[in-house]
Amino acid sequence: MSETAEAFEPEATRRAAGVTESARANRGWWDRNADEYQSEHGTFLGDDRFVWCPEGLDEVEAELLGPAEALRGRDVLEIGAGAAQCSRWLAGQGARPVALDLSHRQLQHALRIGAPFPLVCADAGALPFADGSFDLACSAYGALPFVADPRLVLREVRRVLRPGGRFVFSVTHPLRWAFPDEAGPEGLSVSASYFDRTPYVEQDDDGRAVYVEHHRTLGDRVRDVTASDFRLVDLVEPEWPVWNTSEWGGWSPLRGGLIPGTAIFVCERD
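Calculation rules
- Sequence positions are assigned chain by chain, starting from 1 and proceeding in written order.
- It should be noted that, the model being predicted, local features are given only for residues of pLDDT at least 70 and side-chain atom pairs only at 80 or more, the latter also being counted only at that level, while totals for whole chains, interfaces and linings use all residues.
- To obtain the side-chain values, all non-hydrogen atoms of the structure were included, while hydrogens and water were left out.
- Lines fitted to C-alpha atoms define the axes, with helix axes restricted to the stretch in contact, and inter-axis angles between N-to-C directions lie between 0 and 180 degrees.
- Helix and strand assignments follow DSSP, with helices taken as H or I runs no shorter than four residues and strands as E runs no shorter than two, numbered in order from the N terminus.
- Contacts: residue pairs with any heavy atoms within 4.5 Å of one another.
- Residue classes follow a fixed rule: Ala, Val, Leu, Ile, Met, Phe, Trp, Tyr, Cys and Pro count as nonpolar, while Asp, Glu, Lys and Arg count as charged, and any other residue, Gly among them, counts as polar.
- For the exposure calls, accessible area comes from a 1.4 Å probe over protein chains only, and a residue counts as buried if that area is under 20% of its type's maximum, exposed if over 50%, partly exposed in between.
- The directions from the helix axis to the C-beta atoms form the arc being described.
- Confidence of the predictor in every single residue is expressed as pLDDT, which spans 0 to 100.
- Here, any two strands with at least 2 DSSP bridges between them count as paired.

In contact at an axis separation of 7 Å, helix H1 (residues 19–45) and helix H4 (residues 104–113) are set at 35° when each is read in the N-to-C sense. Counting all contacts with H1, which are made through Trp30, Asp31, Ala34, Asp35, Tyr37 and Gln38, the residues of H4 involved are His104, Arg105, Gln106, His109 and Arg112. Classifying every residue of the contact of H1 with H4 gives three nonpolar, four polar and four charged.

Here it is, written out as structure tokens:
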């Protein structure tokens, strides 16, 4: 759930939120909160690291996109790039990344750090690229947790990938939705139904959504992948490493040692 304070105190609720409302709310939230997000998490993310999740799983070790040496010369789309840390790492391996984000302010941070590759401000559900433009696509907590129709995004990603292309994306582990979003012991007791797919919405005094997250069960995520004509190659649930003593919202060593916090889907376009 969102972790940065707004100028006002939004009301947190669970209610329906469609494609347009979700996109509008989340574009505004990330534009307003990009500065604080990068200030708070920038050190952990680094300027040119590829970190998949708060657990700290690094692409250098994970090689979910393939061996680093095989990335050279590959066209790679990063979706929900934020300040484009992952794209910067990809460029360092000789890849040709394009960093896409819904938030203009997030991409301004990419420019601040340095972006010797294209930056594109666009919705992941309507990618502004021709069919078969990329060899690989990746998304580290970008887009998929926040969209009302994940299949729309997945089908767009498949469209812009070349045959044999790989898409890897990480999201909050669906199990976490049954627990309070708290880093301490209070976050270890089930408080809601895992099967309740009602979106989490923060709204203003007029009932307008200012932040939205959408819950999908693990089975839903798998079905979304296969229904979008991807083949699921792997499902990674990173364990919390001993070296990571940091807390990130509801992610912490306490919770990470007991329940999964992230799910990473490795998909291929046949």
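There's plenty left to go through after this.
For helix H6 (residues 218–227), the full list of buried residues reads Asp220, Arg221, Asp224 and Val225. Seen from one end, H6 has its buried residues packed into an arc of 135°, which puts them on one side. Considering only its buried residues, H6 is in contact with helix H5 (150–160), strand E6 (161–172), strand E9 (231–236) and strand E10 (262–268). In the stretch just after H6, Asp229 is the one whose phi turns positive, near 65°.

This brings us to the confidence of the model for the protein. Keep in mind that low pLDDT regions are not for reading the predicted coordinates in detail. This prediction gives the protein a mean pLDDT of 96; 97% of its residues lie at or above 70. A low-confidence stretch, residues 1–6 stays under pLDDT 50, and its non-local contacts, those more than four residues away or across chains, total 22 contacts.

Moving on, we come to the sheet that holds strand E5 (residues 134–140). Strand order across the open sheet formed by seven strands is E4-E3-E2-E5-E6-E10-E9, with mixed pairing between neighbours. The outermost strands of the open sheet, each flanked by one partner alone, are strand E4 (119–121) and E9. Strand-to-strand twist in this sheet, taken as the mean axis angle between neighbours without regard to direction, amounts to 15°. Two strands pair when backbone bridges link them, and strand E3 (residues 96–101) and E4 are joined in this way by three bridges, in the parallel orientation. Directly across from Leu100, in E4, lies its bridge partner Val120. Together, strand E2 (75–79), E5 and E6 form the strand contacts of H5, whose direction differs from that of E6 by roughly 145°.

Here we come to unusual backbone geometry. The phi dihedral of Glu63 falls on the positive side, at around 50°, and the residue is not glycine. Glu63 gets classed as partly exposed once you look at its relative accessible area, which sits at 37%. One non-glycine residue, Asp229, lies in positive phi territory at about 65°. Looking at where Asp229 falls in the secondary structure, it is placed in the loop between H6 and E9.

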